[in-house]
Amino acid sequence: MTADKALAVYGKSFHWARRFLGQHMGMRAEQLYQFCRVLDDMADGDIQHGPKRLGRIRKDLLTADTASDPLFTNFQPFLTKQKFPTKVIMALIDGLLSDQKPVRIKSEAELLSYAYHVAGTVGILMCNVLDCDDEQALGHAIDLGIAMQLTNIARDVLEDAGMGRRYLPASWVGDLAPEQIVALAKIPGDDAALPVTNAVSRLLTLADDYYKSGIAGLSYLPLRAHISIAVAALVYRQIGVQLAQQNYPWHGGRQTTSISTKIRCSLRAFGTLRLRFQKAAPHESNLHDAIRGLPHVR
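Residues numbered from 1 in each chain as written. Predicted model: local features only at pLDDT ≥ 70, side-chain atom pairs only at ≥ 80, totals over all residues. Heavy atoms only, no water.

**Regarding a nonpolar patch on the surface**
At step 1: On the surface, Ile-259, Ile-263 and Leu-267 cluster together into a nonpolar patch covering about 300 Å² of accessible area.
At step 2: Mapping Leu-267 onto the fold places it in helix H15 (residues 259–269). (Patch = residues over 30% accessible without salt bridge, like charges linked within 9 Å, V, L, I, M, F, W, Y side chains within 5 Å. Areas by Shrake-Rupley, 256 points an atom, 1.4 Å probe, with all protein chains shown as cover. Salt bridge = Lys/Arg side-chain N within 4 Å of Asp/Glu carboxyl O. Helix = DSSP H or I, 4+ residues; strand = E, 2+ residues; numbered from the N terminus.)

Shown next, in the form of structure tokens:
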């Protein structure tokens with residue numbers, strides 16, 4: 001599957017936003033998406049012997065900064081050219097491999113660490129793709145990745161539970177097993193399902209703190225990249241907005257955004273250009289309390 005096709009099929013929000021990037025940056029963003037997709041498919045076992053191969057790739061990166069797996073080496077020229085930090089790719093792999101174990105998130109801090117590993121890392125890699133080398137931008141890029149992942153978790157509570165995964169922290173919902181969440185989806189009005197509904201609300205409130213930080217850092221990007229990432233952020237955040245408007249129907253299947261909604265979000269994204277004429281707000285360091293010490297986290 002080509003990079004553009006992979007983005008169109010698996011990343012509809014990002015495929016919409018990609019058209020604002022232009023050809024050169026757009027192609028690099030597609031390649032990064034395809035690379036991350038291959039790692040994800042390996043971790044999920046959609047590629048033969050995927051988890052074992054991914055573990056070997058991680059070991060190779062740790063020892064030699066390269067990897068012998070043919071699927072990985074296909075991307076090596078791109079990775080080298082973009083100068084992606086090896087430790088960030090390893091952190092991404094760690095996050096993807098963690099999904100292969102029974103997932104029972106214990107706390108908000110563990111949730112944020114997971115979101116950093118599978119999505120905050122991609123925010124860092126995107127900075128390289130988008131020709132943004134300002135160190136001040138990295139914190140905001142991490143936060144936007146975390147925000148999108150939290151939205152993703154809120155959208156997919158039932159789907160994830162069906163795969164034996166509970167990303168809602170036990171500190172919010174107690175020790176609910178994924179199969180209990182699946183059962184509660186059949187009686188969403190029952191008092192027993194209320195903690196799940198409240199947790200989805202809490203997830204989206206938390207996500208908004210990270211969206212705010214991510215959007216505040218857009219002015220560090222080149223102009224076209226600023227517009228594109230603003231579009232992606234607002235379109236993806238809209239999923240959470242719609243969930244909130246419908247009283248958090250986590251039991252009702254995956255939420256999507258229509259073409260007309262994407263157009264409205266895109267028009268709103270142009271309003272963020274005012275940030276380019278303002279002094280950049282300092283990054284709120286407390287947003288990284290749970291992930292301090294991880295690659296490129298200050």
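**Thoughts on helix H3 (residues 23–44)**
Counting along an α-helix, one turn takes 3.6 residues, and residues three or four places apart therefore face a common direction.
At step 1: Taking 1.5 Å of rise per residue, 22 residues should cover 32 Å, and H3 covers 31 Å from first to last C-alpha, within 8% of that figure.
At step 2: Phi for Gly-45, located one or two positions after H3, is positive at around 80 degrees. (Expected span 1.5 Å × (residues − 1).)

**With respect to empty space enclosed by the protein**
At step 1: Under the definition given, this model contains 1 cavity of 30 Å³ or more.
At step 2: In this structure, the largest cavity occupies an estimated 50 Å³ of space.
At step 3: Together, Ile-153, Val-157, Asp-160, Ala-161, Arg-165, Arg-166, Tyr-167, Leu-168 and Ile-181 line the largest cavity.
At step 4: Among the elements that make up the lining of the largest cavity, the one with the highest residue count is helix H10 (residues 157–162) (3 residues).
At step 5: When grouped by side-chain class, the residues that make up the lining of the largest cavity number 6 nonpolar, no polar and 3 charged. (1 Å grid on protein atoms, 1.4 Å probe; cavity = no way out; pocket = protein on both sides within 12 Å on 5 of 7 lines; lining within 4 Å. Points joined across faces, edges and corners; volume = space filled by probe spheres on them. Nonpolar A, V, L, I, M, F, W, Y, C, P; charged D, E, K, R; others polar.)

**What about the environment of Asp-60?**
At step 1: Along the chain, Asp-60 turns up in helix H4 (residues 50–64).
At step 2: The class for Asp-60 is buried, based on a relative accessible area of 18%.
At step 3: Sequence spacing of Asp-60 and Ile-239 is 179 residues, and the spatial spacing of their C-alpha atoms is 38 Å. (Buried < 20%, exposed > 50% of the residue type's maximum accessible area, 1.4 Å probe, protein only.)

**Considering the environment of Asp-44**
At step 1: Considering the arrangement of structural elements, one finds Asp-44 in helix H3.
At step 2: Classification of Asp-44 as partly exposed rests on a relative accessible area of 33%.
At step 3: Not counting residues up to four positions away in its chain, the partners in contact with Asp-44 are Gln-100 and Arg-165. (Contact = heavy atoms within 4.5 Å.)

**Details of the packing of H3 against helix H7 (residues 86–98)**
The axes of two packed helices give the description: the angle between them and the distance between them.
At step 1: Between H3 and H7, the shortest axis-to-axis distance is 9 Å and the interhelical angle comes to 35 degrees. Handedness of the H3/H7 crossing: right-handed. On H7, the residues touching Phe-35, Cys-36, Leu-39, Asp-40 and Ala-43 of H3 are Ile-89, Leu-92, Ile-93, Leu-96 and Leu-97. (Axes fitted to C-alpha atoms, helices over the stretch in contact; angles between N-to-C directions. Left-handed = near helix turned anticlockwise from the far one by under 90°.)

**Structural notes on the nonpolar core**
At step 1: Formed by 100 residues in total, the largest nonpolar core has its most connected members in Leu-32, Phe-35, Leu-130, Ile-146, Leu-150 and Trp-250.
At step 2: Other than its neighbours up to four places away in sequence, Leu-130 contacts Leu-21, Met-25, Leu-221, Pro-222, Ala-225 and Ile-229. (Core = buried A, V, L, I, M, F, W, Y, C linked by side-chain atoms within 4.5 Å.)

**What about the side chain of His-117?**
At step 1: Residue placement: His-117 occurs in helix H8 (residues 108–129).
At step 2: Here the side chain of His-117 touches Ser-113 through a polar contact of 2.7 Å, landing on its backbone oxygen.
At step 3: Excluding residues within four positions of it along the chain, His-117 makes contact with Ala-91, Leu-92, Asp-94, Gly-95 and Leu-294. (Polar contact = N/O pair within 3.5 Å; in protein donor to acceptor, adjacent residues only side chain to side chain.)

**Some words on the packing of aromatic side chains**
At step 1: According to the stated counting rule, one finds 5 aromatic pairs in the structure shown.
At step 2: For the ring pair Phe-78 and Phe-84, a centre distance of 5.5 Å and an interplane angle of 75 degrees mean the geometry is edge-to-face.
At step 3: By relative accessible area, which is 8% here, Phe-84 ends up buried.
At step 4: Taken together, the ring pairs in this structure connect Phe-35, Phe-72 and Phe-75 into an aromatic cluster.
At step 5: Looking at Arg-19, its charged tip hangs above the ring of Trp-16, at a distance of 4.4 Å from the centre. (Phe/Tyr/Trp six-rings, centres within 6.5 Å; stacked < 30°, edge-to-face > 60°. Lys NZ or Arg CZ within 6 Å of the ring centre and 35° of its normal.)

**Remarks on the packing of helix H13 (residues 194–216) against helix H14 (residues 223–245)**
At step 1: Interhelical geometry of H13 versus H14 gives an angle of 160 degrees and a closest axis separation of 11 Å. Regarding the angle of H13 to H14, the classification is roughly antiparallel. Read as a crossing pair, H13 and H14 show a hand that is left-handed. When H13 is examined against H14, the residues Leu-204, Asp-208, Tyr-211 and Ile-215 are found in contact with a partner set consisting of Ala-233, Leu-234, Tyr-236, Arg-237, Gly-240 and Leu-243.
At step 2: Taken together, the residues of the contact of H13 with H14 break down into 7 nonpolar, 1 polar and 2 charged. (Parallel < 35°, antiparallel > 145°, perpendicular 65-115°, else oblique.)

**What about the confidence of the model for the chain?**
At step 1: Looking at the chain as a whole, the pLDDT averages 92, with 95% of positions reaching at least 70.
At step 2: For the stretch residues 1–10, pLDDT sits under 50, and the model shows 20 contacts to residues farther than four places along the chain or on other chains. (pLDDT = per-residue confidence, 0-100.)

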